[in-house]
Amino acid sequence: MKAYLDALVNYAVERGLIAQEDKTYAFNRLMEQMNLDSVGAGEAVSAPLNEILDALCDDACRRGLIENNIVSRDLFDTKLMGVLTPFPHEVRRKFSDLYAQSPESATAWYYQFSQDTNYIRCDRIKKDTKWTYDCEYGSLDITINLSKPEKDPRAIAAARNAPQTDYPKCQLCSENEGYAGRINHPARQNHRLIPVTIAGTQWYLQYSPYVYYNEHCIVLNSRHTPMKIDRACFCKLFDFVKQFPHYFVGSNADLPIVGGSILSHDHFQGGHYEFAMAKAPVEKQVEFSGFEDVNAGIVRWPLSVLRLSCPDSERIIQLAENILSAWRAYSDPSVSIYAETEGIPHNTITPIARKRGENYELDLVLRNNLTTEEHPLGLFHPHAKLHHIKKENIGLIEVMGLAVLPSRLKAELAMLREAILSGADIRSDDTLAKHADWVEELREKYCFTPENTEDILCREVGEVFRQVLEDAGVFKRDSQGQEAFLRFIGSVNKK
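Bear in mind that the values here come from a model prediction, so they are computed numbers and not experimental data.

**Some details on the overall build of the protein**
- A tally of helices and strands in the protein yields 16 helices and 15 strands.
- Against the 2.2 N^0.38 benchmark of 23 Å for 495 residues, the protein shows a C-alpha radius of gyration of 25 Å, consistent with a compact globule.
- Along the first, second and third principal axes, the C-alpha atoms of the protein reach 80 × 60 × 45 Å.
- Scored against the burial criterion, the 495 residues of the protein give a buried share of 55%.
- The contacts in the protein between residues at least 6 apart in sequence include a share of 63% that link residues at least 24 apart.
- On the protein, roughly 21,900 Å² of surface is accessible, and the fraction owed to carbon and sulfur atoms is 48%.
- The distance from the centre of the 56 positive side-chain charges to the centre of the 69 negative ones in the protein is 3 Å.

Right, here's the structure in full:
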């Protein structure tokens, strides 16, 4: 194992995680984590980080230190990388020094650092399948997510039987920094947070370990407090953009179904990327009384989006607060929009802020989480005929035009290709039967060949995502829906 331990220490020196004079100390600390008293000589190893860590995990498995499953191996290799990761104060000082040069320099370094420490597992990110789908709304991003590891049955059973604890309270809490993890909570010894003051309160900046797009960051409240869309939220979004003007930042909605996977901890997501929605033009200018200085309009997008633009962010915030207040209470039965049913509120907003030239910009995506007998998962949610591709909630990332599709689709699309070309009975296949109606429609539309089948399936998955986004739109794109959209805008002006 000496060769692999040497390789890991040399990697840390090359990436600037430790200094040359720390090599012996780091080597001995790694031996301690590996439960080794001594190591024999061996030929030098030159290999990528993931292969070095895999070899060390294999050795730990052979010697009974850990179980040979993805969860145990992740906990162990993160512990090894934790030995090599600088202390939080060192990381924060480096970020602060670079920020004094430019925000871009600081975030670029921090993003690379988060990869170097293996907090962002680049080898897994590379496995994600990605392509784009061009439609009337622009170029939609399609991703089959393979970077988030799927637990095997043994790990799932172990997690179910593990003692329950409330520390950290969730995976977004700042207490995760340096945490050793457990069978039902990821290790974070190689995780470092950057403090950020937003609207006078303590927040932290980090990157998503699954980076769905360039510099995919998470901005999290230092307190474990629920998500809430209100004026204060808009203020915080713009305060962040003013500190990091090269980043967009947005918030998931604060209601189930239309919100993200974690509603219990206030947080935003942002990054250095321009989504299709940000590129989409305003197709109809509108005006709000008393806010003639704010450019406003309906965006050409499958969801219902109002875009506000002005050099003065405070004016945008004031108008956004008025729109939110009106939307919370707004009902229009002619298009099945109800502010509440039986005392349960349904209307909320997904806001996204950015700086564009001299103007600040805020996109307000109108959301509604009403469920019906016909659509028990949500009327403005992917409808049942699309669930074979996308059944999960449409959160902030999907709203902006990036489909995060389940990992099962990688294998299923490959199996579908073979089944289509061989003429197999898809309905009789337990795995593929959910796609049968879809494939029948495609067979009427295309002549499949070995050369075009994969491209057709990818293109049609993109088309399904386009329909998913249209299902999530509260005001549909037809004349009835757009007239209803204008009625809502009129209601804001009457308040």
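Don't stop here, the text continues.
**Details of the packing of aromatic side chains**
- Under the counting rule described, the total for this entry stands at 25 aromatic pairs.
- Both rings, one in Phe95 and one in Tyr110, keep their centres 5.8 Å apart while their planes meet at 80°; by these two values the pair is edge-to-face. Separated by 15 residues along the polypeptide, Phe95 in helix α5 (residues 88–101) and Tyr110 in helix α6 (residues 103–116) bring together distant segments of the chain. Of the two residues examined, Phe95 and Tyr110, each falls in the buried class.
- Seen from their ring centres, Trp327 and Phe488 are 5.2 Å apart, and the 80° between their planes marks the pair as edge-to-face. On the criterion of sequence distance, the pair formed by Trp327 in helix α11 (residues 313–328) and Phe488 in helix α16 (residues 479–494) is long-range, its members being 161 residues apart. Of the two residues, Trp327 and Phe488, both sit in the buried class.
- When the ring centre of Tyr360 is taken as reference, the NZ or CZ atom of Lys242 above it lies at 5.6 Å.

**Regarding the sheet that holds strand β2 (residues 138–144)**
- Pairing is mixed across the open sheet formed by three strands, whose spatial order is β1-β2-β15. Unpaired on one side and paired on the other, β1 (129–135) and β15 (402–405) mark the two borders of the sheet. Strand-to-strand twist of the sheet, defined as the mean angle between neighbouring strand axes without regard to direction, takes the value 20°.
- As defined by bridge partners, β1 adjoins β2 across seven bridges and the pair is classed as antiparallel. The residue bridging Asp134 from the neighbouring strand is Ser139, located in β2.
- Where helix α13 (residues 408–422) meets the sheet, its contacts fall on β1, β2 and β15, and the angle it forms with β2 comes to roughly 100°.
- Contacts from helix α15 (residues 453–472) reach β1, β2 and β15, with the element oriented near 110° to β2.

**Describing the packing of α5 against α6**
- Look at α5 against α6: their axes get within 6 Å of each other, and the N-to-C directions meet at 145°. Residue-level contacts link Val91, Lys94, Phe95, Leu98, Tyr99 and Gln101 of α5 to Pro103, Ser105, Ala106, Thr107, Trp109, Tyr110 and Phe113 of α6.
- Along the lines of polarity and charge, the residues of the contact of α5 with α6 split into nine nonpolar, three polar and one charged.

**So, helix α4 (residues 70–84)**
- Here α4 spans 21 Å end to end across 15 residues, near enough to the 21 Å set by a 1.5 Å rise per residue.
- Counting buried positions over the 15 residues of α4 gives 13, a clear majority of the element.
- The N-cap residue of α4 is Asn69: its side-chain oxygen and the backbone nitrogen of Val71 are 3.2 Å apart.

**Structural notes on unusual backbone geometry**
- Put simply, Tyr167 and Pro168 share a cis peptide bond, and its omega is -20°.
- Structurally, Pro168 can be placed in the loop between α8 (153–161) and β3 (194–198).
- Not every positive phi belongs to a glycine, and Asn118 is a case in point at roughly 70°.
- Turning to its location among the elements, Asn118 is positioned in the loop between α6 and α7 (122–125).
- Although it is not a glycine, Glu215 adopts a positive phi angle of roughly 55°.
- By the secondary structure assignment, Glu215 is in the loop between β4 (201–207) and β5 (217–221).

**With respect to the pattern of salt bridges**
- One pass over the full model with this rule turns up 35 salt bridges.
- The partner of Asp116 in a salt bridge is Arg15, and the shortest N-O contact between them spans 2.8 Å. Linking Asp116 in helix α6 with Arg15 in the loop between α1 (2–14) and α2 (23–33), this pair joins segments that are 101 residues apart in sequence.
- The class for Arg15 is partly exposed, based on a relative accessible area of 41%.
- Across the pair Glu470 and Arg466 runs a salt bridge whose closest N-O atoms are separated by 2.7 Å. Of this pair, Glu470 and Arg466 both sit in helix α15, separated by four residues, roughly a single helical turn.
- Overall, Glu470 belongs to the partly exposed group, its relative accessible area being 22%.
- Each of Glu274, Arg307, Arg354, Arg356, Glu361 and Asp363 takes part in a single network of salt bridges with overlapping partners.

**So, the nonpolar core**
- Core analysis: the largest hydrophobic core is formed by 93 residues, its most contacted members being Leu8, Leu205, Phe288, Leu308, Ile323, Phe475 and Phe488.
- No other element matches the eight residues that α11 contributes to this core.
- In contact with Leu205, other than residues within four places in its own chain, are Phe95, Tyr110, Leu193, Ile194, Val196, Cys217, Ile218, Val219, Phe240 and Phe244.
- Trp131, Ile426, Cys458 and Val461 belong to the second largest nonpolar core, which has 54 residues in total.

**Notes on the packing of α13 against α15**
- Contact geometry of α13 with α15 gives a least axis separation of 10 Å together with a crossing angle of 125°. It follows that α13 is oblique to α15 by the angle criterion. In the crossing of α13 with α15, the sense of the turn from one axis to the other is right-handed. Of the residues in α15, those touching α13 at Leu413, Leu416, Arg417, Ile420 and Leu421 are Thr453, Glu454, Leu457 and Val461.
- Classifying every residue of the contact of α13 with α15 by side-chain character gives six nonpolar, one polar and two charged.

About the thresholds
By convention here, each chain's residues receive numbers from 1 onward along its written sequence. Predicted model: local features are reported for residues with pLDDT of at least 70 only, side-chain atom pairs are reported and counted for 80 or more only, and whole-chain, interface and lining totals are derived from all residues. Side-chain numbers come from the whole structure's heavy atoms, not from hydrogens or water. Comment: elements are numbered from the N terminus, with helices defined as DSSP H or I runs of at least four residues and strands as E runs of at least two. The atom set for the radius of gyration is the C-alpha atoms, and the globule formula is 2.2 Å times the number of residues raised to the power 0.38. Exposed residues in this analysis have more than 50% of their type's maximum accessible area, buried residues have under 20%, and partly exposed residues fall in between, with area computed by a 1.4 Å probe over protein chains only. Any two residues whose heavy atoms approach within 4.5 Å at even a single point are treated as in contact. Only the protein chains shown count as covering a residue, and every accessible area follows the Shrake-Rupley method with a 1.4 Å probe. Counting rule applied: Lys, Arg positive; Asp, Glu negative; His and chain ends not counted. In plain terms, the charge of a residue is placed at NZ if it is Lys, CZ if Arg, CG if Asp and CD if Glu. Centre distance within 6.5 Å is the pairing criterion for rings of Phe, Tyr and Trp, where only the six-membered ring of Trp is used; planes under 30 degrees apart are then read as stacked, over 60 as edge-to-face, and the remainder as tilted. Here, a charge over a ring is recorded when the distance from Lys NZ or Arg CZ to the ring centre is within 6 Å and its angle to the ring normal is within 35 degrees. A strand pair is defined by DSSP finding two or more bridges across the two strands. Geometry is summarised by axes, namely lines fitted to C-alpha atoms with helices restricted to the contacting stretch, and by angles between N-to-C directions that run from 0 to 180 degrees. Gly falls in the polar group here, along with every residue not listed as nonpolar (Ala, Val, Leu, Ile, Met, Phe, Trp, Tyr, Cys, Pro) or charged (Asp, Glu, Lys, Arg). Multiplying 1.5 Å by the residue count of a helix minus one yields the expected span of that helix. Here a polar contact is recorded for every N or O atom pair within 3.5 Å, except that within protein the pair must consist of a potential hydrogen donor and a potential acceptor, and residues adjacent in sequence are included only if both atoms are side-chain atoms. Think of a salt bridge as a Lys or Arg side-chain nitrogen and an Asp or Glu carboxyl oxygen that are within 4 Å of each other. Here, nonpolar core means buried Ala, Val, Leu, Ile, Met, Phe, Trp, Tyr and Cys residues that are tied together by side-chain atoms lying within 4.5 Å of each other. Put simply, angles under 35 degrees are roughly parallel, angles over 145 are roughly antiparallel, angles from 65 to 115 are roughly perpendicular, and the rest are oblique. Crossings are sorted by hand: turned counterclockwise from the far helix by less than a right angle, the near helix makes the crossing left-handed, and turned clockwise it makes it right-handed.

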